Amino acid sequence: MVAVKITDLTKKFDKLTAVDNVNLDIESGELFGLLGPNGAGKTTLISMLCTILKPTSGTAQVWNHDIIREQDMVRKSIGIVFQDQSLDDNLTGRENLQFHGRLYKVPKNVMNERMKELMELMELADRADDLVKTYSGGMRRRLEIARGLLHHPKVLFLDEPTLGLDPQTRRHIWEYIEKLNQNEGITMLLTTHYMDEADYLCDRIAIIDYGKIVALGNPSSLKESLGGDVISLASSSKDEKLREGLLKIENVTAVDFVEDAIRLTASKGETVIPEALNVVREHGVEVKSVSLHAPTLEDVFIKFTGRRLRDEAEGKKGQLKRRIGHRRRLHH
Amino acid sequence: MISDIYTIWLREMIRYVRSKSRIISSLAMPIIWLALLGTAIGGMVEDSPFLPHNMNYIQYIAPGIIGMTILFTSIFSGISIIFDREFGFLKEILVAPVSRLSIVLGKALGGTTTAMIQGMIMFILGILLGVKFSSEFGIGLGFIITVAFMFLIGLSFVSLGIAIASKIESMEGFQMIMSFLVMPMFFLSGALYPIETLPDWLKLLTYIDPLTYGIDGLRGSIQGSSVAHFPLLVDFGVLSLFCLFTLLLSAYLFKKS
Ligand SMILES: Nc1ncnc2c1ncn2[C@@H]1O[C@H](COP(=O)(O)OP(=O)(O)OP(=O)(O)O)[C@@H](O)[C@H]1O
Ligand SMILES: [Mg+2]
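The sections below set out a description of the structure shown in this document. For clarity, every value in this text was computed on a predicted model and none was experimentally measured. (Residues numbered from 1 in each chain as written. Chains lettered and ligands numbered in written order. Predicted model: local features only at pLDDT ≥ 70, side-chain atom pairs only at ≥ 80, totals over all residues. Heavy atoms only, no water.)

A closer look at the sheet that holds strand 10 (residues 212–217) of chain A
Residues and elements named next belong to chain A.
Then, number 1: Strand order in the open sheet made by the six strands is 6-7-8-3-9-10, with mixed pairing throughout. Each end of this open sheet is capped by a strand with a single partner; those strands are strand 6 (78–81) and strand 10. Mean inter-strand twist for the sheet, computed between neighbouring axes without regard to direction, equals 15°.
Then, number 2: With five bridges joining them, strand 7 (residues 155–159) and strand 8 (residues 187–192) adopt parallel strand pairing. By the bridge assignment for strand 8, Asp159 is matched with Thr191. (Pairing = 2+ DSSP bridges. Helix = DSSP H or I, 4+ residues; strand = E, 2+ residues; numbered from the N terminus. Axes fitted to C-alpha atoms, helices over the stretch in contact; angles between N-to-C directions.)

So, the interface of chain A and chain B
Then, number 1: Listed as interface residues are 29 residues of chain A and, on the opposing side, 25 residues of chain B.
Then, number 2: Of the roughly 2700 Å² buried between chain A and chain B on both sides combined, carbon and sulfur atoms contribute 59%.
Then, number 3: Applying the counting criterion to the chain A and chain B interface returns six salt bridges.
Then, number 4: Ionic pairing is found between Asp84(A) and Lys91(B), a salt bridge with its closest N-O pair at 3.1 Å.
Then, number 5: Across the chain A-chain B interface, the total number found is nine residue pairs in polar contact (both at pLDDT 80 or more).
Then, number 6: At the level of secondary structure, the elements contributing two or more residues to the side of chain A that touches chain B comprise helix 2 (71–77) and helix 3 (93–103) of chain A.
Then, number 7: Residue contributions to the side of chain A that touches chain B peak at six residues, all from helix 3 of chain A.
Then, number 8: Of the residues assigned to the side of chain A that touches chain B, the class counts are eleven nonpolar, eight polar and ten charged. (Contact = heavy atoms within 4.5 Å. Buried area = accessible area lost by both parts, 1.4 Å probe. Salt bridge = Lys/Arg side-chain N within 4 Å of Asp/Glu carboxyl O. Polar contact = N/O pair within 3.5 Å; in protein donor to acceptor, adjacent residues only side chain to side chain. Nonpolar A, V, L, I, M, F, W, Y, C, P; charged D, E, K, R; others polar.)

Side note on the sheet that holds strand 13 (residues 261–266) of chain A
Hydrogen bonds along the backbone pair up the strands of a sheet, which may run parallel or antiparallel.
Residues and elements named next belong to chain A.
Then, number 1: With antiparallel pairing, the four strands of this open sheet are ordered in space as 12-13-11-14. Where the open sheet ends on each side, the last strands, each with one partner, are strand 12 (252–258) and strand 14 (290–293). Taken over all neighbouring pairs, the strand axes of this sheet differ in orientation by 20° on average, direction set aside.
Then, number 2: For strand 11 (residues 229–234) and strand 13, the ladder comprises six bridges, and the chain directions are antiparallel.

Encoded structure:
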């Protein structure tokens, strides 16, 4: 069965097209990842699927209910962890969860059991009765995730769930999410900036850029589709002649200039390096270092978007800024 | 449905009990009004032929000040939906499987309850300051009718607040609402002066102000029909209609927004 069926879905804000004619089917039980740079339209897409934003055109079915005509039924089938803050600061952590549990009609004994389990998983058990106001950023994030996992919906949306959390906590959360997906068969749609997260968790991923899906597949086939290893030459050159020269080398299938590196995709990468260095020198370009690695999702990402996913430290800062900006946005 | 309304109501109550500073500050103003204005102007208008017989000014304005407390608390409760939106919590409610009507009703009843508690505190303070229960209904029935009017005033204006919050985008609009709607409504309501003595044009404005009927109703139920301007049933009828109207309006606008 198809759990989420997206048909020609489009959202425009004035002139800007945030989601551009997206078509996508997510199978029930699937753990699906949406990867994309800032402003790609991931949150906008999820907001439409969970009925808080009206599409400009097109539609979608979530668990066979139309997101425009059957909003109540859609809401009964879903759960969501929002990207930006959505807790009540003046309630305690426990009260936030209880509020959620009541709205979603989680039976009391189930509720207590899950609450205990999740609070422990999120390492919030000893702070459960403190006001959320007094929580740190990471604690709030963990509480939001706990809340999202409290009722077990048919389809769960996770919008950058582990953003800003430390690696160990992320690991715990991944394991829990995976368990939930496997044991309970909950369909999940997850957005993330962390390649390792997408790689570890997702059965399939879609790369979205400027509101459009530019690549779709399971992580390993996407990586294989690159057709070889990635050689990265640290240099800021953008010389077209150099590109032609490099492409002539045997086994090289692609050459991309990204920010401060020249990236070659090649099979038998290690044999290509000496020749590549020769070509670079012939063009009078200086290279500071060379590296070779098996393709990662990051490389897939660069291939389809021509850009790097921002590095993590910079990313967190940018993200924080966006989150503040976000708060004003989602209402309509 | 009932349990959803209860859930939303409960959250309002928890927040109310926790916001000590809000409780105190929203009582401070009416207390100052009652004590200072009551005493200062009271001296001026002593034995005024316009005030009902043997009534001092504090006594006269007490129902008006109770009405004011309820008005401010309830409008604010309704408008606080803007905060929920600003801080993101509204999204949590909006994606939940609850009807928009339950959300409005929960919010409205929560706000009404807090407004009634605040009104009741003012009422007790009034009694301590010497306000007498002197309506022909006696203490028991008089009290029940008083509470009913508190309820109607509260529900009407929380709903109005919710309706406004569904229309305005941010807290900036809030000051406008206070200056152009809430304050005029209060001053025109006859809370501070008898309506009988007003010139016709002002009387007309007073009659249009829904709060007039709320405060007149409180007067009638606390101090009796000889002090009130309209018959109690008129107050009750007009206010009920207004309440129904604002409630429907808020449900409609909230759903649309
Ligand atoms: N309410 C809005 N009004 C105007 N423009 C908006 C609104 N919401 C989103 N946008 C724009 O739509 C585009 C997509 O935004 P969206 O939040 O969906 O991106 P995203 O992929 O979630 O990004 P991030 O990774 O930073 O969360 C952005 O250019 C954003 O500025
Ligand atoms: Mg986003």
